[in-house]
Structure formats: structure tokens, C-alpha cells
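The chain contents come next:
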Amino acid sequence: MISRIANFHHYNSVSNDMNRQQIKVQENQQQLASGKRLLTAGDDPVASIYIQNFDQQNTQIDQSVKSITMARNRLNNEEAAITEVENLLDDAKRRSMMMVNGSLSGDDRVAHKQDMQGAFDSFMNVVNTRDESGNYVFAGTQYSQQPFFRDNNGEVAYVGDSYQRMAKISPSVDVPINDAGDKLFLEVANPFGDYQPDYALESGSLLLLSQAQNGNDADQSKYRVDFSTSSGSTSYELYQDGALVSTAPFDPHKGIQWNTLQIDLKGEIKNGDSISLNRQENVSVFDAFKRGIELSDSDVSDASATAELHQVAEELAQGFKHINRARSEVGTRLQTLDRQEDMHQDFKIVMNEARGTLEDLDYATAVIELNQNMTALQASQQAFAKTKDLNLFNYI
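From a predicted model like this one, the values you see are computed outputs, not experimental measurements.

(A) Region of interest: empty space enclosed by the protein. Evaluated as defined, the whole model comprises 1 cavity of 30 Å³ or more. Space inside the largest cavity adds up to approximately 30 Å³. Looking at the largest cavity, the residues that line it are Arg 74, Asn 77, Asp 131, Val 137, Arg 165, Ile 177 and Asn 178.

Shown next, in the form of C-alpha cells:
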């Protein structure tokens, strides 16, 4: 009885050993077929945890790269629109300067007016441009609705907001993918400083405002300067909200100084010339377009209209500079996207290499291990065969 039990346990032991060797051989074969050392988490629990972390980071990088691609498309669309805006502003500025020419006929100004009107129409189309997804480029975060509307009088209203849409291109980096239309087209720095001039000039006058600065930001008064000339000398009277506050001979080298106010002028002054100054730190390129079109109907001998055309040209030139800076910022954002994408790709390569050291199979070692396991399996099979055939009659 004892011998029968012992034989049974010996038989099971040899059979189990053979099964274990078969499993090892199968695992070796699966490793060689897949090229992976780790087939299940149980093969190496610690390495499996690291591999799961690598997978999560790879997924996050893939999402960031997709966000970068989307952001690049948006910024490329904006850059193309801004480039067209620059061209239209530059053309409108040149048209304004051409209309300043006193030798032009009325028909010449009419022709320039038509060109200015065409440029303004094109400008309105560009500022209401959409991207490939149908979103308005210059509407801020209100990208589903048209940002700019023009009424029958040429007045333009903005219905977008002042915010930017952001793209997360890495866990710690967000990049703006658009610019709000009011910031680009309605808030251009006044090229004349703190004030907007309004001219009332005599025939033949060439008087122009260069700069008007006021160091007191709380001073929102309206100013007016009246000029008078006699015996070859020029004097001025400065009014603040209609009240005379200063009168003195005019020195073109010093300009007009009063308290925190500094007014610099250029050109030839005629007796009776007057300039009104209204506080205004920013100008609108839409207003500049509109005034340029309206002034094209004025007579070429109208000195005030000519001075205002100079003003329109300066505002359009300032608008061009303002938009050009915006385009530079778009270029900087595109460079940021390129650098971040390169960083993602480099980091992904490093992670894949690190993962490979944990997961990839060393074929030489795997082949040696397979041969060893197959040899052990063959030995187990032979031992099992001998054990199975054991019989007392073999020894009688």
C-alpha cells in the first residue's frame, strides 16, 4: 500500500515538472514571436508599473501634439489674414497721401475714392474671415458669430469680446491661437500722442500737428489753439474747455507749453488758423478708412481737408505698424509650437528607449533560455515515459 502511494506521488511529480517545462517553453516561444520580454504584469510587476506610466505619458504627448497641430493651423490662418490686412492698410495709406497732392483734379480724387472704397470693402471681408472649421478668426472667444458689422453710414461695430482662445500644448504651456479684433483694429495707439486734432485752417495753410502730450492723465479737457500773424510774427491763444488760459508768441522750436500740456506743430501757419484737440489715446482703422473716403470728396484747395488727409495717412500707417507687431507675435507663437513639438518628440524617443530596456527582448538570452527549457522538457518527458512504464514484472 505504501509503495503504491509513493509511486503515485512520484508519477505526479514528474508529470507536473513536465507541464512546468512545457509552459516555460511556450513562454519563450511567445517572447520570441512578439519580441517582448514582458507578456503579462506577473512577469515583472515593477517593470509593468513603469511601462503603464510610459503609456500614459505617451498618450498625453500624442494629445499635446494634436493640440499643437490644431493651434498651428489656427495661427497660420490668422497670419494669412493679417498679411492681407497689412497690404490693404499700406495701399489705403498711399491713396491718402496721393490725395494730399494739390495738383490732383477732382476726377483724380474720385478715382482714389473708388479705390479706397474697394480697399475698405476688402478690409471688411478680411476682418470677418473664418478658419477651416468655420470659426471667425478675430472674434475673440465669441468665434461662432461675425465680429464686425458696418452700417449704411460706414460706421463699424464690434460684437466679439476682448479675450483670446488658448491651446494647451503641454501640461504647463498654453499658447494663444487668435487675437481679438478690437485689440487689433480699434485700439491702435494714436500717432499724435494723447489728442486727436480737428483742423480749421485758412486757404494755403500747411499747418499740421506733430504731437500733443499731456503728463496729467486726469486732465480730460478739450483744448483749442488759435493763431494770428502780423508783421512776420506769429502768436497763439490756448483755450481750455473754451476758457483762455495762455497767450504768447509762437516758437516752432519749443511748441506750445502749458502746465503738463506740450503741443508740437509743423508746417506753415496762416493768420486765423485753428486746431482743436480732443483727448484720445487710441484710434480705429475703420474710422480712418471712413474719413479717408469722405475727405476724397473735398476740394483740393481745402487746407483743413488736406490736413485731415495727412492725419488719415498717419493713422493708417500707425495701424500698419500695430498689425505688423501682431504678426510678429503670431510668428513667435508658431516658433513656440515648433520648439514644444520638438521637445515632445525628443521626450517620446527617450521614453521609448527607456521602455525598451524594460520590455524588449534580448534575443540571444531568450534563445539560450529556450534551448535550456527545451532540454529540460525533453528530460522530463523521458523521465515521465520511464516512470509510466515501471512494472514489477520488468524485474522478474
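(B) Spotlight on the nonpolar core. With 46 residues, the main nonpolar core has Phe 123, Phe 185, Phe 286 and Phe 289 as its most contacted residues. In terms of residue count, helix α2 (residues 45–100) provides more of this core than any other element does, 11 residues in total. Setting aside its immediate chain neighbours within four residues, Phe 289 contacts Leu 88, Leu 89, Ala 92, Met 116, Ala 119, Phe 120, Phe 123 and Leu 316. One finds Phe 192, Leu 201, Tyr 236 and Ile 256 within the second-largest nonpolar core, a separate group that totals 24 residues.

(C) Fine view of the pattern of salt bridges. Per the stated rule, a full pass over the model turns up 23 salt bridges. Asp 226 is the partner of Arg 224 in a salt bridge, and the nearest nitrogen-oxygen pair spans 3.1 Å. Judged by relative accessible area, Arg 224 falls into the partly exposed class, the value being 27%. What you see here is one network of salt bridges that share partners, running through Asp 90, Asp 91, Lys 93, Arg 94, Arg 95 and Asp 115.

(D) Region of the structure containing unusual backbone geometry. The phi angle at Ser 231 is positive, at roughly 55°, despite the residue not being glycine. Mapped onto the secondary structure, Ser 231 falls in the loop between β8 (223–230) and β9 (233–240). Within the chain, Asn 259 stands out as a residue other than glycine whose phi angle is a positive 50°. Positionally, Asn 259 belongs in the loop between β11 (256–258) and β12 (261–266).

(E) Molecular detail of the sheet that holds β11. With antiparallel pairing, the 3 strands of this open sheet are ordered in space as β7-β12-β11. With one partner strand each, in any of the chains shown, β7 (208–214) and β11 form the two edges of the open sheet. Recorded for the sheet is a direction-independent mean angle of 10° between the axes of neighbouring strands. Pairing of β11 with β12, which is carried by 3 bridges, proceeds in the antiparallel orientation. By the bridge assignment for β12, Ile 256 is matched with Ile 263.

(F) Region of interest: the pairing of β9. Bridge count for β8 against β9 is 8 bridges, and the pairing is antiparallel. Note that in β9 the partner of Thr 229 across the bridge is Thr 234. Hairpin remark: β8 followed by β9, antiparallel, with 2 residues in the connecting loop; positive phi at Ser 231, about 55°. Bridge count between β9 and strand β10 (residues 243–249): 6 bridges; the pairing is antiparallel. Paired with Tyr 236 across the two strands is Ala 248, which belongs to β10. Counted between consecutive antiparallel strands, the loop separating β9 from β10 contains 2 residues, among which Asp 241 sits at a positive phi close to 50°.

(G) Region of interest: the packing of aromatic side chains. The full count for this structure, using the stated rule, is 12 aromatic pairs. When the ring of Phe 123 is compared with that of Phe 185, the centres are 5.7 Å apart and the planes differ by 80°; the resulting orientation is edge-to-face. Here Phe 123 is found in helix α3 (residues 106–127), whereas its partner Phe 185 is found in helix α4 (residues 181–186), with 62 residues between them in sequence. The exposure class assigned to Phe 123 is buried, which follows from its relative accessible area of 0%. Measuring from centroid to centroid gives 6.1 Å for Tyr 195 and Tyr 223, while their planes differ by 85°, and the two rings are edge-to-face. Residue Tyr 195 is located in strand β6 (residues 195–200), and its partner Tyr 223 is located in strand β8; the two are separated by 28 residues in the primary sequence. Tyr 223 matches Tyr 195 in its accessibility class, with the two residues each being buried. Chaining the aromatic ring pairs together yields one cluster made of Phe 120, Phe 123, Phe 138, Phe 148, Tyr 158, Phe 185, Phe 286 and Phe 289. The ring of Phe 120 carries the charged tip of Arg 150 above its face, separated from the ring centre by 4.8 Å. Across from the ring centre of Tyr 239, 4.2 Å away, lies the NZ or CZ of Arg 224, which sits over that ring.

(H) Spotlight on the UniProt feature "coiled-coil region" (unreviewed entry) in the protein. Feature annotation in UniProt assigns "coiled-coil region" (unreviewed entry) to the following positions: residues 68–95. When the span residues 68–95 is considered, its composition is 100% helix and 0% strand, and the gap between its end C-alpha atoms is 40 Å.

Cut-offs applied
Residues numbered from 1 in each chain as written. Predicted model: local features only at pLDDT ≥ 70, side-chain atom pairs only at ≥ 80, totals over all residues. Heavy atoms only, no water. 1 Å grid on protein atoms, 1.4 Å probe; cavity = no way out; pocket = protein on both sides within 12 Å on 5 of 7 lines; lining within 4 Å. Points joined across faces, edges and corners; volume = space filled by probe spheres on them. Core = buried A, V, L, I, M, F, W, Y, C linked by side-chain atoms within 4.5 Å. Buried < 20%, exposed > 50% of the residue type's maximum accessible area, 1.4 Å probe, protein only. Helix = DSSP H or I, 4+ residues; strand = E, 2+ residues; numbered from the N terminus. Contact = heavy atoms within 4.5 Å. Salt bridge = Lys/Arg side-chain N within 4 Å of Asp/Glu carboxyl O. Pairing = 2+ DSSP bridges. Axes fitted to C-alpha atoms, helices over the stretch in contact; angles between N-to-C directions. Phe/Tyr/Trp six-rings, centres within 6.5 Å; stacked < 30°, edge-to-face > 60°. Lys NZ or Arg CZ within 6 Å of the ring centre and 35° of its normal. UniProt positions renumbered as here; feature names shortened; annotations may be inferred.

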